[in-house]
Amino acid sequence: MNDNAGPTDLSERFRRLIRETGPISLAQYMGESNAHYYTRGTPLGQEGDFITAPEISQMFGELIGLWLADMWVRAGRPANVHYVELGPGRGTLGQDALRTAARYDLTPQVHFVEGSENLRQVQRGAIPGVTHHDDITTLPDDGPLLVVANEFFDALPVHQLIRSASGWHERMVGLDGDRFVFVGGDKPMDSIVPESWRTARQGTMIETSPASAAIMSELADRLVAQGGAALIIDYGARELRSGSTFQAIRAHRKVDVFDAPGTADLTAHVDFEMLGKVAQRQGAQVLGCEMQGDWLTALGIDTRTEALQRKSPQTKDVIARQRARLVEESGMGLLFKVLGVTAPSWPGDAPGF
Ligand code: SAH
């Protein structure tokens, strides 16, 4: 799927840029590589580079649809409600969630924030009539938003910062001959280091994503102003930890992060502590941040598994394995977290949190 014409160009472009202007930030390297990566080919699925929860089982999207419908009903069934997905991939989650929500008379307008034209086409096939947006600034402002972001934030650019004797500096991408290498930056970066980390010991490295903070901040503002709820699901920790989580995945394998930029999926763990703090600071209600396994179990994935198995006894084992992958520790159950955020005027308690 990923042909090789463009990516070589991207490597060359980075090399020229670094030779002319000096090392670039990891965030720039990651942002431009992923923009390139997501506009080409089909990153998702068996044939692609990685598989996500909604592509494993319909139960994932169904339980999200159920959760959203429950919130909407308890918020008093407001009119003019919009379903918003950030980075909807193949549109599978949206299909499963909306089919389930419709059983509770929740039939929102659908808005997808998607950067890739290829994926937009696939998404139009899944959800005819969907409205696409380049970013969240153009989302409607005339009603509550039900926002879902699954494996979206992990693709947003991070900066890596290292504490040296003279304060915090950025880990940059430079060149050794033609090879990309990490080099130390000289600009002081203390201002973007979270308060509680400013005096960490020498050698400590953290990742931080101002791009993610900016999106969370605007989403929270909109929830406060318009009503609604958001589920952010991704891999990462509930509290920021030190160390690098930056990685590249191609054809279901980890590869060198500097190998052919634009041809692999570059990700970093999501800093849920930061996302929660930003949402709270903007006045939104944070319901909590749970492990995906616990959240899906609380939402009733076991009952749903049994129902599907009764309907399709010949694929009983397949369905059991899909459930395990979503829920168990050996699968996505522990590493993936679910962050719930609502408008202050919406219910402050919710299933799963
Ligand atoms: N949510 C889907 C897909 C996850 S892959 C699923 O669970 O299967 C990441 C998705 O985010 C893709 O749709 C990708 O094209 C999109 N994406 C990544 N970075 C983006 C950006 N900066 N702006 C808009 N969409 C982006």
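Residues numbered from 1 in each chain as written. Predicted model: local features only at pLDDT ≥ 70, side-chain atom pairs only at ≥ 80, totals over all residues. Heavy atoms only, no water.

A. Looking closely at the side chain of R222. As for its position among the elements, R222 is in helix α7 (residues 210-226). The contact partners of R222, leaving out residues within four places of it in the chain, are I136, T137, L139, P140, D141, L145 and G227. (Helix = DSSP H or I, 4+ residues; strand = E, 2+ residues; numbered from the N terminus. Contact = heavy atoms within 4.5 Å.)

B. Quick peek at the side chain of H111. Looking at the element boundaries, H111 is found in strand β3 (residues 109-113). At 2.9 Å, the side chain of H111 and the side chain of H133 are in polar contact. Contacts of H111, omitting those with residues within four sequence positions, involve H82, Y83, V84, E85, T131, H133, L139 and P140. (Polar contact = N/O pair within 3.5 Å; in protein donor to acceptor, adjacent residues only side chain to side chain.)

C. Geometry of the layout of surface pockets. Here the largest pocket defines a volume of roughly 630 Å³. Along the walls of the largest pocket sit 33 residues, with Y38, G87, E114, F152 and A155 positioned nearest its centre. Mapped by element, the contributors of at least two residues to the lining of the largest pocket are α2 (26-39), α3 (53-56) and α5 (92-102). The class makeup of the residues in the lining of the largest pocket is 15 nonpolar, eleven polar and seven charged. The computed volume of the second largest pocket comes to approximately 450 Å³. F50, I51, E151, Y235 and F336 are, among the 18 residues lining the second largest pocket, the residues nearest its centre. Taken together, the elements giving at least two residues each to the lining of the second largest pocket come down to β11 (247-250) and β13 (265-267). When its residues are assigned to classes, the lining of the second largest pocket shows eight nonpolar, six polar and four charged. (1 Å grid on protein atoms, 1.4 Å probe; cavity = no way out; pocket = protein on both sides within 12 Å on 5 of 7 lines; lining within 4 Å. Points joined across faces, edges and corners; volume = space filled by probe spheres on them. Nonpolar A, V, L, I, M, F, W, Y, C, P; charged D, E, K, R; others polar.)

D. Highlighting the packing of aromatic side chains. For the structure on display, the rule yields twelve aromatic pairs. Pairing F14 with Y29 gives two aromatic rings, centres 5.0 Å apart and planes at 35°, and the pair type is tilted. Separated by 15 residues along the polypeptide, F14 in helix α1 (residues 5-21) and Y29 in helix α2 bring together distant segments of the chain. Y29 matches F14 in its accessibility class, with the two residues each being buried. Judged by centre distance (6.0 Å) and plane angle (75°), the ring pair of W67 and F353 falls under edge-to-face. Within this pair, whereas W67 is found in helix α4 (residues 58-74), its partner F353 is found in the segment after β16 (336-342), the two being separated by 286 residues in sequence. These aromatic residues form a ring-pair network of at least three members: F14, Y29, F180, F182 and F258. The ring of F182 is capped by R171, whose NZ or CZ atom sits 3.6 Å from the centre of that ring. (Phe/Tyr/Trp six-rings, centres within 6.5 Å; stacked < 30°, edge-to-face > 60°. Buried < 20%, exposed > 50% of the residue type's maximum accessible area, 1.4 Å probe, protein only. Lys NZ or Arg CZ within 6 Å of the ring centre and 35° of its normal.)

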